[in-house]
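Inside the fold
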Amino acid sequence: MQFKTIQGVEVPEIGLGTHRLIGREGENTIKLALNLGYRHIDTAQSYKNEREVGEAIKRSHVDREEIFLTTKVWHTHLEKDDVLKIAENSLRELDTPYVDLLLVHWPNREVNIEKTMEAFLSLRDQGKALNIGVANFPLKLLKEVNEELGAPIFCNQVEYHPFLSQFDLLDYTAEQDILFTAYAPLAQAKVMDDPLLQKLGEKYGKSPAQIALRWLIEQEQVVAIPKASSEEHLKENIDVFDFVLEDDDFYAIDDIQKDTRIINPDFAPEWDK
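Residues numbered from 1 in each chain as written. Predicted model: local features only at pLDDT ≥ 70, side-chain atom pairs only at ≥ 80, totals over all residues. Heavy atoms only, no water.

Once that is clear, we can look at the overall build of the protein. Helix and strand counts for the protein come out as 10 helices and 10 strands. Relative to the 2.2 N^0.38 estimate, which gives 19 Å for 273 residues, the radius of gyration of the protein is 18 Å and therefore close to what a compact globule would have. Seen through its principal axes, the protein has C-alpha atoms that stretch 55 × 45 × 35 Å. Put simply, the protein has 273 residues, and 56% of those count as buried. Contacts spanning at least 24 positions in sequence make up 76% of the contacts within the protein whose residues lie at least 6 apart. As displayed, the protein offers around 12300 Å² of accessible surface, 44% of which is attributable to carbon and sulfur atoms. Averaging the locations of the 30 positively and 50 negatively charged side chains of the protein gives two centres separated by 5 Å. (Helix = DSSP H or I, 4+ residues; strand = E, 2+ residues; numbered from the N terminus. Rg over C-alpha atoms; globule rule 2.2 N^0.38 Å. Buried < 20%, exposed > 50% of the residue type's maximum accessible area, 1.4 Å probe, protein only. Contact = heavy atoms within 4.5 Å. Areas by Shrake-Rupley, 256 points an atom, 1.4 Å probe, with all protein chains shown as cover. Lys, Arg positive; Asp, Glu negative; His and termini not counted. Charge placed at Lys NZ, Arg CZ, Asp CG, Glu CD.)

Here we take up a negative patch on the surface. Among the surface-exposed residues, Glu147, Glu148, Asp168, Asp171 and Glu175 lie close enough to one another that they form a single negatively charged patch. Those elements that provide at least two residues to the negative patch are helix H5 (139-148) and helix H6 (167-176). Per-element tally for the negative patch: the top contributor is H6, with 3 residues. Secondary-structure assignment places glutamate 175 in helix H6. Given a relative accessible area of 59%, glutamate 175 falls into the exposed group. (Patch = residues over 30% accessible without salt bridge, like charges linked within 9 Å, V, L, I, M, F, W, Y side chains within 5 Å. Salt bridge = Lys/Arg side-chain N within 4 Å of Asp/Glu carboxyl O.)

Before going further, it helps to examine the side chain of asparagine 131. With respect to the helices and strands, asparagine 131 occurs in the loop between helix H4 (113-125) and strand E7 (132-135). Here asparagine 131 is in contact with Val9, Asp100, Leu101, Leu102 and Phe154, once residues within four sequence places are set aside.

One open sheet accounts for 8 strands, arranged E3-E4-E5-E6-E7-E8-E9-E10; its pairing is parallel. Of all strands in the sheet, those bounded by a partner on one side alone are strand E3 (16-17) and strand E10 (222-224). The sheet contact formed by strand E4 (residues 40-42) and strand E5 (residues 68-73) spans 3 bridges and is parallel. Bridging from a neighbouring strand, aspartate 42 pairs with threonine 70 of E5. (Pairing = 2+ DSSP bridges.)

Let's shift gears to the nonpolar core. In this structure, Ile14 and Met117 are the most contacted members of the largest nonpolar core, which totals 74 residues. For this core, the element with the highest residue contribution is helix H8 (residues 208-217), accounting for 7 residues. When near neighbours in sequence (up to four residues on either side) are disregarded, isoleucine 14 contacts Met1, Tyr38, His40, Leu213, Ile217, Ala224, Pro226, Asn237, Ile238, Val240 and Phe241. One finds Leu101, Ala135, Cys155 and Val223 within the second-largest nonpolar core, a separate group that totals 10 residues. (Core = buried A, V, L, I, M, F, W, Y, C linked by side-chain atoms within 4.5 Å.)

Once that is clear, we can look at the environment of threonine 96. If you trace the backbone, threonine 96 turns up in the loop between helix H3 (80-94) and strand E6 (101-104). It is 9.7 Å that separates the C-alpha atoms of threonine 96 and isoleucine 57, two residues lying 39 residues apart in sequence. Not counting the four nearest positions on each side in its chain, threonine 96 is found in contact with Arg64, Leu69 and Leu91. At a separation of 3.0 Å, a polar atom in the side chain of threonine 96 contacts the side chain of arginine 64. Engagement of the side chain of threonine 96 in a polar contact is seen with the backbone oxygen of tyrosine 98, the distance being 2.9 Å. (Polar contact = N/O pair within 3.5 Å; in protein donor to acceptor, adjacent residues only side chain to side chain.)

Next comes the structure, spelled out in structure tokens:
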């Protein structure tokens with residue numbers, strides 16, 4: 001495993017996204033990932049699998065201190081008192097005294113983000129969330145929270161893959177030393193059908209998915225959290241540290257048309273309009 005150092009904190013470049021990994025089968029998948037070498041696990045209150053994540057960590061016998069663990073607070077629970085209550089519940093479910101990163105899962109226009117951040121800061125000050133951040137925040141709102149409110153934002157987690165442009169956010173996170181976590185990094189397997197990624201896979205002896213992940217983690221500030229449920233894909237997703245994309249190949253992926261958004265919940269507001 002290789003790491004990005006953000007604000008002095010080491011974060012594994014490849015993590016496991018756990019959306020829909022539920023029940024005993026999900027728990028076993030997460031445990032397997034840890035035993036294969038994953039040290040970055042991403043969950044959320046809304047995934048309804050924090051208990052499974054906690055059990056998997058316990059059963060894996062990997063020291064808690066070795067794991068970078070993220071959870072998120074859903075957009076309907078961002079009032080200050082709700083955040084504090086939900087976070088305590090998450091810690092109970094995960095059976096851990098702290099998470100390494102606590103995120104606002106989606107923004108919510110109806111809630112005063114300053115009050116939300118006050119709750120997050122309280123949790124950080126108590127050592128229950130070592131770092132705090134946001135997810136699905138466009139540049140305008142990220143700047144508001146990070147600069148106008150002065151909240152110590154560690155991370156913005158957003159959809160990012162070879163078919164979606166996030167270059168403005170990337171520039172800003174690099175400038176501010178903010179972690180950029182790419183979810184849906186394989187565009188829900190659509191990378192497997194892309195002709196360029198297939199061609200590059202043949203060149204490097206890798207799969208199109210591995211080429212896409214390599215392209216992501218070669219970018220400043222970026223880590224990726226692909227979801228996988230089979231041992232084959234779990235192994236494949238962390239087998240990306242033994243090669244480097246040539247510059248021409250990296251920029252060729254940059255030039256893929258980037259207007260495809262995979263995750264677009266009905267409630268997600270158009271914040272930049």
